[in-house]
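Spelled out, the chains give:
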Amino acid sequence: MKISLTQKYNVPGPRYTSYPTVPYWNEADFTSEKWITTLRQSFSESNSKNGISLYIHLPFCESMCTFCGCNKRITKNHSVEEKYIQAVLKEWKMYCDLLPEKPIIKEIHLGGGTPTFFSKENLECLINGIFDHAVKAEKHEFSFEGHPNNTTHEQLKKLYDLGFRRVSFGVQDYSPTVQKAINRIQPFHNVAKVTFWAKEIGYTSIGHDIIFGLPFQTIEDVVDTVEKTNSLKPDRLAFYSYAHVPWIKGNGQRGFNDENLPKDAEKRKLYEIGKKLLIQNGYHEIGMDHFALKDDSLYKAAHNGNLHRNFMGYSASKTQVMIGLGVSSISDSWYSFAQNTKILEEYYEILESNKLPVVKGHILNDEDLIIRKHILNLTCELETSWTAESLNFTELPEVLTALKEIENDNLIVIENNKIKITEEGRPFVRNICMAFDLHLKRKSPETNLFSMTV
């Protein structure tokens, strides 16, 4: 019996927020000293021209959402806020002391966890503390993730006053059955309220995150969620595939079984129906799993060729340096990656010893850098070529061989040393990137590492 393309290509694979992906980092050759050397080099090359990005991880949540694979600490004790803010600011000061001049910050993203776990006073302390040692780029883009159940009007106003113009609210799905399964009870009223507040205050880009493939989710649930989303008209949407990775330590993915999850063609149908409804309502598909209205900066970046992708996801700001602050955060100097410890107590202990809390990373070699560019091109522009820059490694025939079958399935077009992803190929961007992933080719995973690609 002939299998569908969804069945054929629905295999475990990376989401390519980096290349090489974290499981393939060469930790043996990495040191904090090498990381700092590459950071200084990249900072000197780019700070005055493009500025830098900051990702700040705020890990605390009041309850466990069982769909979530992020690093978090569950607590209702808000006395943890001040100690954490002071630790992040100490880490930031240590970085600034290593750099030759004041950083020009083009982009800040507060992620989590739940950033709106923190009071407006502590959020103000955090941002003001960051700018004790830095300056704002003229055209900056500051954003944060807000939980609709606990984001207050005062928090939204305070962050707006501090320069934030973009907020993303986690919606996931409006079905009571799905919400119960993922322990995220969140009435539509709460989402509508914070969305209207943000519009009233003046935020120029309001985003909603919704997910397909959740436990017990049906076509009717997706239609209802998208219709409710359309009624609020957020400027952009992330319409993610649920990443089922229950093997990751500390993951909250429980409360449902594998058989409760939509599979293969059934799961893909949820996306296609949601996508059709979004396009009918004026949204445009951007890269992988993202949609935006024409006046949103993400749409403009995609059409101007300025769309970027990093550990924060898709961004309208292209910077060469991204410094990650806080527990588990990942930094990117373009030439190397560095990750902080994932253990909160260890994060505090390392900082108390006046050391950066970096515990692992990867120094990119020439081959890594070239492949990284191609994967960025594919995920951001849906095409890449090797006319201006040769791939320069012996495995090019191997890459083209892997792409040949994908081409035969009409997912890409290859001509004149250029690859273009077709409309039929858009659901399989991750699979197309995997053809370039030489680390993955050379050493297939022996255990579960990645979620399914479709």
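- The protein chain appears in an unreviewed UniProt entry as Coproporphyrinogen-III oxidase from Flavobacterium nitrogenifigens.
- Under the heading Sequence similarities (unreviewed entry), UniProt records this for the protein chain: "Belongs to the anaerobic coproporphyrinogen-III oxidase family."
- The annotation that UniProt attaches to the protein chain under Catalytic activity (unreviewed entry) is "coproporphyrinogen III + 2 S-adenosyl-L-methionine = protoporphyrinogen IX + 2 5'-deoxyadenosine + 2 L-methionine + 2 CO2".

**Brief notes about the layout of surface pockets**
And then number 1: Its boundaries defined by the atoms lining it, the second largest pocket holds a volume of some 380 Å³.
And then number 2: Lining the second largest pocket are 17 residues; nearest its centre among them are His-140, Glu-141, Thr-204, Ser-297 and Ala-316.
And then number 3: Secondary-structure elements contributing two or more residues to the lining of the second largest pocket are strand E5 (135-146), strand E6 (164-172) and helix H10 (297-304).
And then number 4: Ranked by residue count, the leading element in the lining of the second largest pocket is H10, at four residues.

**Describing empty space enclosed by the protein**
And then number 1: As enumerated under the stated definition, the model contains five cavities of 30 Å³ or more in all.
And then number 2: Volume-wise, the second largest cavity comes out at about 80 Å³.
And then number 3: When residues of the lining of the second largest cavity are assigned to their parent elements, the largest contribution, four residues, is made by helix H12 (residues 366-381).
And then number 4: Residues belonging to the lining of the second largest cavity are distributed by class as follows: four nonpolar, three polar and two charged.

**Looking at the UniProt feature "binding site: S-adenosyl-L-methionine 2" (unreviewed entry) in the protein chain**
And then number 1: Under the feature "binding site: S-adenosyl-L-methionine 2" (unreviewed entry), the UniProt entry names Phe-67, Cys-68, Gly-69, Gly-113, Thr-114, Gln-172, Arg-184, Asp-209 and Ala-243.
And then number 2: Examined against the element boundaries, Asp-209 turns out to sit in strand E7 (residues 205-212).
And then number 3: Each residue touching Asp-209, except ones within four places of it in the same chain, is listed here: Ser-168, Phe-169, Gly-170, Val-171, Gln-172, Ala-238 and Tyr-240.
And then number 4: A polar contact of 3.2 Å, which involves the side chain of Asp-209, links it to the side chain of Ser-168.
And then number 5: Structurally, the position occupied by Ala-243 is in the loop between strand E8 (236-241) and helix H9 (264-280).

So, how was this worked out
- Residues numbered from 1 in each chain as written.
- Predicted model: local features only at pLDDT ≥ 70, side-chain atom pairs only at ≥ 80, totals over all residues.
- Heavy atoms only, no water.
- UniProt positions renumbered as here; feature names shortened; annotations may be inferred.
- 1 Å grid on protein atoms, 1.4 Å probe; cavity = no way out; pocket = protein on both sides within 12 Å on 5 of 7 lines; lining within 4 Å.
- Points joined across faces, edges and corners; volume = space filled by probe spheres on them.
- Helix = DSSP H or I, 4+ residues; strand = E, 2+ residues; numbered from the N terminus.
- Nonpolar A, V, L, I, M, F, W, Y, C, P; charged D, E, K, R; others polar.
- Contact = heavy atoms within 4.5 Å.
- Polar contact = N/O pair within 3.5 Å; in protein donor to acceptor, adjacent residues only side chain to side chain.

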